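Geometric and topological summary
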Amino acid sequence: VQLQASGGGSVQAGGSLKLSCAAKGMITSVFVGSRMAWYRQAPGKQRDLVAQFISGGRSIYLDSVKGRFTISRDNSKKMVYLQMNSLEPEGTAVYYCNIESGSQHYWGRGTLVTVSS
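Residues numbered from 1 in each chain as written. Predicted model: local features only at pLDDT ≥ 70, side-chain atom pairs only at ≥ 80, totals over all residues. Heavy atoms only, no water.

Each helix and strand counted, the chain has one helix and 11 strands in total. In the chain, the order of α-helices and β-strands from amino to carboxyl end is β-β-β-α-β-β-β-β-β-β-β-β. In terms of C-alpha radius of gyration, the chain reaches 14 Å, essentially the compact-globule figure of 13 Å for 117 residues. Taken along its principal axes, the extent of the C-alpha atoms in the chain is 40 × 25 × 25 Å. Among the 117 residues that make up the chain, the fraction classed as buried is 38%. Taking the contacts inside the chain whose residues are at least 6 apart along the sequence as the reference set, 54% of them involve residues at least 24 apart. (Helix = DSSP H or I, 4+ residues; strand = E, 2+ residues; numbered from the N terminus. Rg over C-alpha atoms; globule rule 2.2 N^0.38 Å. Buried < 20%, exposed > 50% of the residue type's maximum accessible area, 1.4 Å probe, protein only. Contact = heavy atoms within 4.5 Å.)

Shown next as structure tokens:
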């Protein structure tokens, strides 16, 4: 299984980006039953959870992105997305998608988001 993240880039504050993550080589039924999340890591800082699907179809978000970011998934395409609106310079980081399936944890290589003021 390989996770391929894309969609990063450079934007000005207030702009939007949509990140995508493709789960290559994962069986659809496994994908459907997996937990999906996006993390980010700014230079010199720890990796933080940004958004995650939890039980019951609900999702949770880092407090600082609530109301601006939305995690979604397309099970038929085995894709996970992160729509990011009203981006702030503090959002500059490498964004990683993460999939947990049982005891297996998969990470993508990350996609860089740079937000200029």
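All right, on to the pattern of salt bridges then. Under the criterion given, the structure shown has two salt bridges. Salt-bridge contacts for Asp63 lead to Lys66; the nearest nitrogen and oxygen are separated by 2.9 Å. Here Asp63 matches Lys66 in class, with each residue exposed. Put simply, Glu88 and Arg68 hold a salt bridge, and the shortest N to O gap is 3.7 Å. Of the two residues, Glu88 sits in the loop between strand S8 (79–84) and strand S9 (93–101) while Arg68 sits in the loop between strand S6 (59–61) and strand S7 (69–74), which places them 20 residues apart along the sequence. Classification of Arg68 by relative accessible area gives buried; the value is 15%. (Salt bridge = Lys/Arg side-chain N within 4 Å of Asp/Glu carboxyl O.)

Moving on, we get to the state of the cysteines. Evaluated as defined, the whole model comprises one disulfide. Across the disulfide from Cys21 sits Cys97; the S-S distance is 2.0 Å. Here the disulfide of Cys21 and Cys97 is right-handed, its torsion about the S-S bond being about 50°. You can see Cys21 sitting in strand S3 (residues 17–24) and its partner Cys97 sitting in strand S9, a full 76 residues away along the chain. A relative accessible area of 1% means that Cys21 is categorised as buried. (Disulfide = S-S within 2.5 Å.)

As a further point, take the sheet that holds S7. Pairing is antiparallel in the open sheet, where four strands are placed in the order S1-S3-S8-S7. Edge strands, defined here as strands with exactly one partner in the open sheet, are strand S1 (2–6) and S7. Between one strand and the next, the sheet's axes are offset by a mean angle of 15°, whatever the strand orientation. Sheet analysis places S3 next to S8, joined by six bridges and oriented antiparallel. Pairing of Cys21 across the sheet is with Val80, part of S8. (Pairing = 2+ DSSP bridges. Axes fitted to C-alpha atoms, helices over the stretch in contact; angles between N-to-C directions.)

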